[in-house]
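What follows is each chain in one-letter form.
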Amino acid sequence: GQQVMQIPQYQHVQEGEDFTTYCNSSTTLSNIQWYKQRPGGHPVFLIQLVKSGEVKKQKRLTFQFGEAKKNSSLHITATQTTDVGTYFCADRGSTLGRLYFGRGTQLTVWP
Amino acid sequence: EAGVAQSPRYKIIEKRQSVAFWCNPISGHATLYWYQQILGQGPKLLIQFQNNGVVDDSQLPKDRFSAERLKGVDSTLKIQPAKLEDSAVYLCASSFRGPVYEQYFGPGTRLTVT
């Protein structure tokens, strides 16, 4: 099956600092979906990236899709305690369209 | 709109016992997914239904896991017999027509096998 590698696995930041998580693949990604899972909660859809080099913004969150469609990133500017959770990227594989989730980056924000 | 409903929320069973989980997707969503999420990992797809037909069950351990979506609406996932390594959260998700669309997850069922 396809694998998407996410780094880092854990990130601890102080409130107000920036945060970035990276999603990498050795093969071309079909499209990337990003989800957030709060502690004890379920994954919640954030965004989908489809086009090479695509950049999308949601308030303090910036999502990028690499030019070669082999990587993606999520950047949060000036983190807040409400940003705490695990951020997953998921590749929509070309076969049957199933989603392949990375292991996620667990973000902790200190006040 | 109502979200994806799942029950039970928690279940503790002994190994070799059987267990069943229920999911009711968002109204109008044709595609339903069952995921297994082991602690510290991302969700892993077990089975995907399009209406009442199976689209992908390649990762479903068919010797012990089964799932059905008889009327194309709600679905059940069964494990029989359970093993210790089945301890995980079982998430149900639905999307409007397929993976191109965002998936809406239910709260999950936390299964502990002792």
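Before reading on, note that the structure itself is shown above.
As the structure is a computational prediction, the values presented were derived from the model and not from experiment.

### Some words on the interface of chain A and chain B
Then comes step 1: Contact residues are listed per partner, giving 16 residues for chain A and 21 residues for chain B.
Then comes step 2: Taken together, the two surfaces of chain A and chain B that pack against each other cover about 1,600 Å², and 52% of this comes from carbon and sulfur.
Then comes step 3: Viewed at the interface, chain B and chain A are joined by zero salt bridges.
Then comes step 4: The interface formed by chain A and chain B includes three residue pairs in polar contact (both at pLDDT 80 or more).
Then comes step 5: Within the side of chain A that touches chain B, the residues separate by chemical class into seven nonpolar, six polar and three charged.

### A short note on the environment of Ser7 of chain B
Residues and elements named next belong to chain B.
Then comes step 1: Relative to the helices and strands, Ser7 resides in strand E1 (residues 5-7).
Then comes step 2: Each C-alpha atom of the pair Ser7 and Leu39 lies 19 Å from the other, and the pair is 32 residues apart in sequence.
Then comes step 3: Setting aside residues no more than four positions away along its own chain, Ser7 makes contact with Phe21, Trp22 and Thr109.

### Section: the state of the cysteines
Residues and elements named next belong to chain B.
Then comes step 1: Tallying each qualifying case throughout the model produces two disulfides over all chains.
Then comes step 2: Disulfide pairing is shown between Cys23 and Cys92; the S-S distance is 1.9 Å. The chirality of the disulfide connecting Cys23 with Cys92 is left-handed, given an S-S dihedral of about -65°. Residue Cys23 is found in strand E3 (residues 19-24), and its partner Cys92 is found in strand E9 (residues 88-95); the two are separated by 69 residues along the sequence.

### What about the pairing of strand E4 (residues 31-37) of chain B?
Residues and elements named next belong to chain B.
Then comes step 1: Along E4, seven of the seven residues are buried, which leaves the element largely enclosed by surrounding structure.
Then comes step 2: Residues Thr31, Tyr33, Tyr35 and Gln37 of E4 are buried on one face, and the alternating residues Leu32, Trp34 and Gln36, pointing to the opposite face, are buried as well.
Then comes step 3: Sheet analysis places E4 next to strand E5 (residues 44-50), joined by six bridges and oriented antiparallel. If you follow Thr31 over to E5, its bridge partner there is Gln50.
Then comes step 4: In this structure, E4 lies alongside E9, joined through seven bridges in antiparallel fashion. In the sheet register, Tyr35 faces E9, and the bridge partner there is Leu91.

### Some details on the side chain of Asp56 of chain B
Then comes step 1: Here Asp56 of chain B lies in strand E6 (residues 53-56).
Then comes step 2: Only 2.8 Å separates the side chain of Asp56 of chain B from the side chain of Ser58 of chain B, close enough to count as a polar contact.

### Focus on the nonpolar core
Then comes step 1: If you look at the biggest cluster of nonpolar residues, it comprises 21 residues, and the most contacted ones within it are Phe21, Trp34, Leu77, Ile79, Tyr90 and Leu111 of chain B.
Then comes step 2: At the level of elements, E3, E4, E5, strand E8 (75-79), E9 and strand E11 (109-113) of chain B are the ones that each hand at least two residues to this core.
Then comes step 3: Once residues within four sequence positions are removed from consideration, Tyr90 of chain B is found in contact with Gln6, Phe21, Tyr35, Gln36, Leu46, Phe65, Leu77, Ile79, Gly108, Thr109 and Leu111 of chain B.
Then comes step 4: Counting residues in hydrophobic clusters, the runner-up holds 19 residues, among them Leu61, Leu74, Ile76 and Leu107 of chain A.

### Here's the deal with the packing of aromatic side chains
Then comes step 1: Summed over all chains, the structure comprises 13 aromatic pairs over all chains.
Then comes step 2: Ring geometry for Trp34 of chain A versus Phe63 of chain A: centroids 6.5 Å apart, planes at 50°, classification tilted. Taken as a pair, Trp34 of chain A in strand E4 (residues 32-37) and Phe63 of chain A in strand E7 (residues 61-65) lie far apart in primary sequence, 29 residues in all.
Then comes step 3: Given a relative accessible area of 0%, Phe63 of chain A falls into the buried group.
Then comes step 4: With a centroid separation of 5.4 Å and an interplanar angle of 40°, the aromatic rings of Tyr35 of chain B and Phe105 of chain B are classed as tilted. Of this pair, Tyr35 of chain B sits in strand E4 while Phe105 of chain B sits in strand E10 (residues 104-105); the two residues are 70 residues apart in sequence, bridging distant segments of the chain. Taken as a pair, Tyr35 of chain B and Phe105 of chain B share a single burial class, namely buried.

### A few points about the sheet that holds E3 of chain B
Residues and elements named next belong to chain B.
Then comes step 1: The strand order across the open sheet formed by four strands is E1-E3-E8-E7, and the pairing between neighbours is antiparallel. Of all the strands in the sheet, just E1 and strand E7 (65-68) have a single pairing partner and so form its edges. Taken pair by pair, the neighbouring strands of this sheet meet at an average axis angle of 15°, ignoring direction.
Then comes step 2: As paired strands, E7 and E8 are joined by four bridges and run antiparallel to one another. When the bridges of E8 are listed, Ala67 appears paired with Leu77.

Procedures and definitions
Residues numbered from 1 in each chain as written. Chains lettered and ligands numbered in written order. Predicted model: local features only at pLDDT ≥ 70, side-chain atom pairs only at ≥ 80, totals over all residues. Heavy atoms only, no water. Contact = heavy atoms within 4.5 Å. Buried area = accessible area lost by both parts, 1.4 Å probe. Salt bridge = Lys/Arg side-chain N within 4 Å of Asp/Glu carboxyl O. Polar contact = N/O pair within 3.5 Å; in protein donor to acceptor, adjacent residues only side chain to side chain. Nonpolar A, V, L, I, M, F, W, Y, C, P; charged D, E, K, R; others polar. Helix = DSSP H or I, 4+ residues; strand = E, 2+ residues; numbered from the N terminus. Disulfide = S-S within 2.5 Å. Buried < 20%, exposed > 50% of the residue type's maximum accessible area, 1.4 Å probe, protein only. Pairing = 2+ DSSP bridges. Core = buried A, V, L, I, M, F, W, Y, C linked by side-chain atoms within 4.5 Å. Phe/Tyr/Trp six-rings, centres within 6.5 Å; stacked < 30°, edge-to-face > 60°. Axes fitted to C-alpha atoms, helices over the stretch in contact; angles between N-to-C directions.

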